[in-house]
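The lines below spell out each chain.
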Amino acid sequence: MTSALTLTQVSKSYGGRDADPAVRGVSLDVSPGELLTVIGPSGCGKSTLLRLVAGLERPDAGRIEIEGRAVAGDGAWRPPEGRRVGLVFQDHALFPHLTVARNVAFGLDRLPRKERAARVAQALERVGLAHVADRHPHELSGGEQQRVALARALAPGPAVVLLDEPFSSLDENLRAKVRTDTLALLRESGSAAILVTHDQTEALALGDRVAVMRDGVLEQVAEPATVYEEPVNRFVATFMGEADFLPAHVHDALLTSEIGVVSTVPGWGGTDLDVEVMLRPHEVALEVDPDATSRVVAVEYHGAFVLHTVRLGSGATLRSWQQHGVRHPAGTPVAVSVVPGARPVLLSGEVALSAPPEAARRL
Amino acid sequence: MSTLPVDAAAPRARVRRFVLGSGRPAWSALVALVALVVASPVLSVASSALARAGSPDLPSGVGAMVATTLLLMLGVGVGTLALGAGLAWLVTAYEFPLRGVLSWLLVLPLAMPAYILGFVFLSFLDYAGPAQTALRGVLGDDLGPLPVRSLGGAIVVLTLTLYPYVYLMARAAFLELAPTAYDAARTLGADRGRAFRKVLLPLARPSLAAGLALVMMETLTDFATVQYFNVRTVSVGVYLAWKGSYRVDSAVALASLVLLFAVAVLAGERLLRGGARYAQRGGRGRGLERRPLSGARAALATTTGLVVLAAAFALPVVQLVSWAVAGLRRDPGRVLDERFADHLSNSVSVAAIVAVACVLLSLGMAHALRLGGGRLVRGAAQLTTFGYAVPGAVVGIGVLGVFAGADTLLEAIGVEGGTGLLATGSVIGILYAYVVRFTAPAYQAVDASFSRIPAPLTLSALSLGARPTRVLTRVHLPLVRPGVAVATILVLIDAVKELPLVLLLRPFGFTTLSVWVYELASENFWEEAALPSLLIVTVAVGPVAFLFRQVKLVDVNSRVG
């Protein structure tokens, strides 16, 4: 099956001494119907990536294909209006002088009048807004505007829909609902979609796959669970959730650190290596122990869970999620361990280790 | 990011980016074309000046012309600065009777073209006028003619019509520039005077410089009004060399002198602006608070404002109305003959054509930029806005130069007689010169409207499959309609008022309303000149009324201290 979207070694720099980020050697493949979320710190190039796919920027190098047809690179160039790419912006970008129906009809002007009207009605029906067809955008609520923007982008049946932080202009309490609706509509449409966000929960919850970007480079593209549980490096580990790091040592498949035995590391038999271990708060267990050298230094109540920050004897700190109702006040001495079954990530320098390095084996 | 390997691999991409950005070649080319059209008259003057740099064909007496021009600019500069900045300070820093009304009425003289105020002024003060007659009645007939038709007279008239430029800039600067900085100065113990001198005035300097530059350019452009006063500036020299004796070479040489003056003005503005370019604007502060005046000082303040307003606008209008009424009573046929209709229709049709042309060009340029033009395209668009600053004599002679060049080119490829535009003198030339001069205000108005369209709107339209032309007609045009309306009106009015360019370029027998006024006034037919003058003033009040709104808005934000 042809990919909906393929990027091959795409690079874009804004030249000169501009501080603008570039996209560097990005390769990416999005299947039809797939939803890819792109996340990264501001200025990482994620918006440039969208603009390149939409045809609002020309890549300096590399190749972009939509449904197998080259749209940029190697001498090929298709302007945005010839790409079958739908765009949904943060502020929706509805045409203020056109009614909702005419907004949705805008991308359907090549259809005969009757068919166009039917498609518009269908698109509005799908987002549950048939009753506001004759209103103007300013008469709609934020959530409704967002749905109209989506209906407009989907109406022409694009191969790829690009959503640039589509929920960030919505109120917190509205966001969850709109997010669920949007997801359902995208699934129903069958279009591939790229959703750019800076919210890691959103990225993990919505995406079939998550792409983590930094300084114009894709650091990791994988399923949400993989990105969270097996980050490829320290940046991805910290960006996709809370993470603390402790110096640790692997000896004959046994991982030990300041807090004692952390876990076993299957397949690392015969290895002797200094590493760092990444521990997420849900992996850290606490037990009150008057003899312990570790102390609780801060407690944050988050509702369902309570976040405890613990200072170890060495001065390093770990965070730990405790069930609602468990609350060790600051100063409590606690014994720290790792919950059974956890498989913490090991790092050497900035890079995560998936297997023991050859050099370490011989020791 | 500049060390990326892709940069080295894609020099063509870099050139492309510089020239076009992500824009569309055809639309970007349009911008370049407009820039070329607008710039070529100036280039024509500059290049012929350089070609003859060794032996410029300057007429005798050029030294005196240069001296006169310098004196005129100096006088008008000092006058407008004192009057404009002084009045702005008065209505901003003090509270006195009629202050609110005066603060915006003082902009009104902008609607009075100098060539109209000039002849009203002369009629009143000249030897035969009521002022000197009355004076002789008191002092006896031995009193010789007073030197009204002089450099001094010209300076007074130009100052009275041009001071609002400085006034507007100064007032906006005093009120809007960094109220926080002013407040800070006050909390640090500076009194009003010191806070004004040490904080407000330095911050306002760039604005004052900009206003002054506008005044200087208008002074340079004028070669009609000053002729009432027998003042021979370099611009007058250009006009006389071309229209009086058809000495093309002298006209070009003098026009390049005018161009030099204009360049000097721009350079002077840069210099005055200095490092203050990044002056902060806005901020949350109370800023200058008005101090109430009372008694004699309040009366003096009100009188000052009223006197300026009366001299620059109210009395001349009253005089024009009374002449018009008298003329109509005595012989309506003479005032309202068919020439009136003819000249009016000339004025209106030229203005309408130019307005449409300027607005279309501006729309095209703003649209092209919106589609993502590169640095070169942006630069080209910027270039078109300089046309407004180029003195009329330079534009006029430059247009002739461009026509001459076109003729040479056409004859070289075998077209007998070329365009024939140069020989006949032509309305085409007037239209061209107007477009050069008035594209700038049109573009600014349209561009201001465009800047209110969020970029994603354009991008959405494109990604929904609309071609650039459809984006223009279906999305951009409906959204920038207010800007288009403002641009059209501004150009229409500017074009009806314009005098020097028509005088210089008009073919034999082609007369507009403004030229008619000038001809009648030059021959002291005040009564006949009154009605068309009033018509022009009425039309010109339009955009000034538009300015009122802004002045009033600014005023609302300031309050009594």
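Caption draft 1: Local environment of the overall build of chain A. The helix and strand tally for chain A stands at nine helices and 22 strands. Considered along the principal axes of its C-alpha atoms, chain A spans approximately 80 × 50 × 40 Å. Looking at chain A as a whole, 51% of its 363 residues are labelled buried. Taking the contacts inside chain A whose residues are at least 6 apart along the sequence as the reference set, 65% of them involve residues at least 24 apart. Separation between the mean location of the 36 positive side-chain charges and that of the 45 negative ones in chain A comes to 9 Å.

Caption draft 2: Here's a closer look at unusual backbone geometry. All names here are of chain A. In this model, His92 sits at a positive phi of 75°, which is unusual for a non-glycine residue. Tracing the sequence through the fold places His92 in the loop between β7 (85-88) and α2 (100-105). A residue is classified by how much of its surface remains accessible, and His92, at 4% relative accessible area, is buried. One non-glycine residue, Ala253, lies in positive phi territory at about 70°. As for its placement among the helices and strands, Ala253 is situated in the loop between β12 (244-251) and β13 (254-257).

Caption draft 3: Representation of the sheet that holds strand β5 (residues 69-73) of chain A within the structure. Residue and element names in this part refer to chain A. On the basis of which strands lie adjacent, the open sheet formed by five strands has the order β2-β1-β4-β5-β6 and antiparallel pairing. Of all the strands in the sheet, the pair left with one neighbour each is β2 (23-30) and β6 (76-77). In this sheet, strand β4 (residues 61-66) lies alongside strand β1 (residues 5-12) in antiparallel orientation, the contact comprising five bridges. Note that in β4 the partner of Thr6 across the bridge is Glu65. Helix α1 (residues 46-54) contacts β1, β2 and β4 of the sheet and is inclined by roughly 120° relative to β1.

Caption draft 4: Region of interest: the pairing of strand β9 (residues 192-197) of chain A. All names here are of chain A. Along β9, six of the six residues are buried, which leaves the element largely enclosed by surrounding structure. Residues of β9 alternate between two faces, with Ala192, Ile194 and Val196 on one and Ala193, Leu195 and Thr197 on the opposite face, all of them buried. Direction of pairing for strand β3 (residues 35-39) relative to β9: parallel, over a ladder of five bridges. Residue Leu36 lies in a different strand from β9, and its bridge partner there is Ile194. Two elements, strand β8 (residues 160-164) and β9, share five bridges in a ladder whose sense is parallel.

Caption draft 5: Region of the structure containing the packing of aromatic side chains. A complete count under the given rule lists 14 aromatic pairs over all chains for this structure. Taking 5.0 Å as the distance between ring centres and 20° as the angle between the ring planes, the aromatic pair formed by Phe223 of chain B and Tyr239 of chain B counts as stacked. Separated by 16 residues along the polypeptide, Phe223 of chain B in the loop between α10 (192-221) and α11 (225-228) and Tyr239 of chain B in helix α12 (residues 234-244) bring together distant segments of the chain. Where Phe403 of chain B meets Tyr432 of chain B, the ring centres are 6.1 Å apart and the plane angle is 35°; that geometry is what we call tilted. A residue pair is termed long-range when its members are at least 10 positions apart, and Phe403 of chain B in helix α18 (residues 392-412) and Tyr432 of chain B in helix α20 (residues 427-450) qualify at 29 residues. Residue Phe403 of chain B is classed as buried on the basis of its relative accessible area of 9%. Taken together through their ring pairs, the aromatic side chains of Trp89, Tyr94 and Phe174 of chain B make up a single cluster. Sitting over the face of the ring of Phe245 of chain A, Arg234 of chain A holds its NZ or CZ atom 4.7 Å from the ring centroid.

Caption draft 6: Geometry of the domain arrangement of chain B. Residue and element names in this part refer to chain B. Parsing chain B into structural domains produces domain 1 (22-42 + 331-523) and domain 2 (57-281 + 292-330). Computed from C-alpha coordinates alone, the two centres of domain 1 and domain 2 are separated by 27 Å. Each side of the interface is counted separately: domain 1 has 26 residues, and domain 2 has 28 residues. Each partner contributes to the roughly 2,400 Å² buried at the junction of domain 1 and domain 2, and carbon and sulfur atoms together form 73% of this total. Glu218 is the partner of Arg437 in a salt bridge, and the nearest nitrogen-oxygen pair spans 3.9 Å. Taken together, the links from domain 1 to domain 2 amount to five residue pairs in polar contact (both at pLDDT 80 or more). Where the side of domain 1 that touches domain 2 is concerned, the elements lending two or more residues are α15 (332-335), α18, α23 (481-497), α24 (500-505) and α25 (513-522). Of the residues assigned to the side of domain 1 that touches domain 2, the class counts are 19 nonpolar, three polar and four charged.

Caption draft 7: The side chain of Ser533 of chain B, seen in detail. Residue and element names in this part refer to chain B. Relative to the elements of secondary structure, Ser533 occurs in helix α26 (residues 526-557). Residue Ser533 is classed as buried on the basis of its relative accessible area of 0%. Not counting the four nearest positions on each side in its chain, Ser533 is found in contact with Ile116, Phe119, Leu320 and Val517.

Caption draft 8: Representation of the pattern of salt bridges. Taken as a whole and judged by the stated rule, the model has 24 salt bridges over all chains. Close ionic contact of Arg437 of chain B with Glu498 of chain B constitutes a salt bridge, the shortest N to O distance being 3.7 Å. Within this pair, whereas Arg437 of chain B is found in helix α20, its partner Glu498 of chain B is found in the loop between α23 and α24, the two being separated by 61 residues in sequence. Connected through salt bridges with shared partners, the residues Lys12, Arg51 and Glu57 of chain A form a single ionic network.

Caption draft 9: How the structure looks around the packing of α12 of chain B against α18 of chain B. Residue and element names in this part refer to chain B. Running from amino to carboxyl end, α12 crosses α18 at an angle of 30°, the nearest separation of the two axes being 9 Å. Read as a crossing pair, α12 and α18 show a hand that is left-handed. In this structure, α12 uses Ser235, Val238 and Trp242 to contact α18, whose residues at the interface are Ala393, Ile397 and Leu400. Considered class by class, the residues forming the contact of α12 with α18 number five nonpolar, one polar and no charged.

Caption draft 10: Broad picture of the domain arrangement of chain A. All names here are of chain A. Domain parsing of chain A yields domain 1 (5-84 + 157-239) and domain 2 (244-361). Just the C-alpha atoms count here: the centres of domain 1 and domain 2 sit 33 Å apart. Across the contact, nine residues belong to domain 1 and eleven residues belong to domain 2. Together, Tyr228, Arg234 and Ala237 form the three largest contributors to the area buried by domain 1 at its contact with domain 2, with a combined 66%. Our count for the contact surface shared by domain 1 and domain 2 stands at two salt bridges. Of the charged contacts, one joins Arg234 and Glu350 as a salt bridge, the two residues approaching to 3.2 Å between their closest N and O atoms. Joining domain 1 to domain 2, the criterion identifies six residue pairs in polar contact (both at pLDDT 80 or more). Elements represented by at least two residues in the side of domain 1 that touches domain 2 include exactly α7 (224-229) and α8 (234-239). Broken down by element, the residue count for the side of domain 1 that touches domain 2 peaks at three residues, all from α8. Partitioned by chemical class, the residues of the side of domain 1 that touches domain 2 number four nonpolar, two polar and three charged.

Caption draft 11: Looking closely at the confidence of the model for chain B. For chain B, the mean per-residue pLDDT works out to 82, and 87% of the residues sit at or above 70. Counted against residues more than four places away or in other chains, residues 277-282 of chain B, with its pLDDT under 50, gives eleven contacts.

Caption draft 12: Up close: the nonpolar core. If you look at the biggest cluster of nonpolar residues, it comprises 211 residues, and the most contacted ones within it are Leu5, Leu7 and Leu162 of chain A together with Ile116, Phe119, Ile397 and Tyr434 of chain B. Apart from the residues within four sequence positions on either side, Phe119 of chain B is in contact with Tyr228, Leu320, Trp323, Val517, Ala521, Trp526, Ala529 and Ser533 of chain B. With 33 residues, the next largest nonpolar core counts Val132, Leu154, Val161 and Leu195 of chain A among its residues.

Caption draft 13: Layout of a nonpolar patch on the surface. Taken together, the side chains of Leu135, Val138, Leu139 and Leu146 of chain B present a nonpolar region at the surface, about 380 Å² in accessible area. Its place among the elements puts Leu139 of chain B in helix α7 (residues 130-139).

Caption draft 14: Spotlight on the sheet that holds β9 of chain A. Residue and element names in this part refer to chain A. Taken in spatial order, the six strands of this open sheet run β7-β8-β9-β3-β10-β11, and their pairing is mixed. Two strands bound the open sheet, and with one partner strand each, they are β7 and β11 (217-222). Within this sheet the neighbouring strands show an average axis-to-axis angle of 20°, counted without direction. The strands that α1 touches are β3, β7, β8, β9 and β10 (209-214); relative to β8, the one it contacts most, it runs at about 150°.

Criteria and cut-off values
Sequence order sets the numbering: in each chain, residues are counted from 1 along the sequence as written. To label them, take the chains in the order written and letter them from A, then take the ligands in the order written and number them from 1. In view of the model being predicted, local features appear only for residues whose pLDDT reaches at least 70, and side-chain atom pairs are presented and counted only at 80 or more, with totals across whole chains, interfaces and linings using the full set of residues. Calculation of side-chain values draws on the structure's entire complement of heavy atoms; hydrogens and water are dropped beforehand. Secondary structure counts use DSSP, requiring at least four H or I residues in a row for a helix and at least two E residues in a row for a strand, with both numbered from the N terminus. Here the term buried applies to any residue with accessible area under 20% of the maximum for its type, exposed to any over 50%, and partly exposed to those in between, with areas from a 1.4 Å probe on protein chains only. We call two residues in contact when some of their heavy atoms are within 4.5 Å. Working convention for charge: Lys and Arg count positive, Asp and Glu count negative, and His plus the chain ends are omitted. Lys charges are placed at NZ, Arg charges at CZ, Asp charges at CG and Glu charges at CD. The pairing criterion is simple: DSSP has to find at least two bridges between the two strands. An axis is simply a line fitted to the C-alpha atoms; with a helix, the fit covers only the stretch in contact. Between two such axes, the angle follows the N-to-C directions and lies from 0 to 180 degrees. For this analysis, a ring pair means two rings from Phe, Tyr or Trp (six-membered ring only for Trp) whose centres lie within 6.5 Å, classed as stacked if their planes differ by under 30 degrees, edge-to-face if by over 60, and tilted for the remaining angles. Should the NZ of a Lys or the CZ of an Arg lie within 6 Å of a ring centre and within 35 degrees of the ring normal, that charge is described as sitting over the ring. The domain limits used here are those given by an automatic or database domain assignment. Buried area is calculated as the accessible area (1.4 Å probe) missing from two parts once they are joined, with the contributions of both summed. Salt bridges are defined as contacts in which a side-chain nitrogen from Lys or Arg sits within 4 Å of a carboxyl oxygen from Asp or Glu. Here a polar contact is recorded for every N or O atom pair within 3.5 Å, except that within protein the pair must consist of a potential hydrogen donor and a potential acceptor, and residues adjacent in sequence are included only if both atoms are side-chain atoms. Residue type decides the class: Asp, Glu, Lys and Arg count as charged, Ala, Val, Leu, Ile, Met, Phe, Trp, Tyr, Cys and Pro as nonpolar, and the leftover types, Gly among them, as polar. For any pair of crossing helices, the crossing counts as left-handed if the nearer helix is rotated counterclockwise from the farther one by less than a right angle, and right-handed if it is rotated clockwise. In predicted models, pLDDT denotes the confidence assigned by the predictor to each residue on a 0 to 100 scale. Residues grouped as a nonpolar core are buried Ala, Val, Leu, Ile, Met, Phe, Trp, Tyr and Cys residues, joined through side-chain atoms within 4.5 Å. The residues that make up patches have over 30% relative accessible area and no salt bridge, and they are joined within 9 Å when like-charged or within 5 Å when they are Val, Leu, Ile, Met, Phe, Trp or Tyr. Areas reported here follow the Shrake-Rupley algorithm with a probe of radius 1.4 Å; residue values treat only the protein chains shown as occluding.

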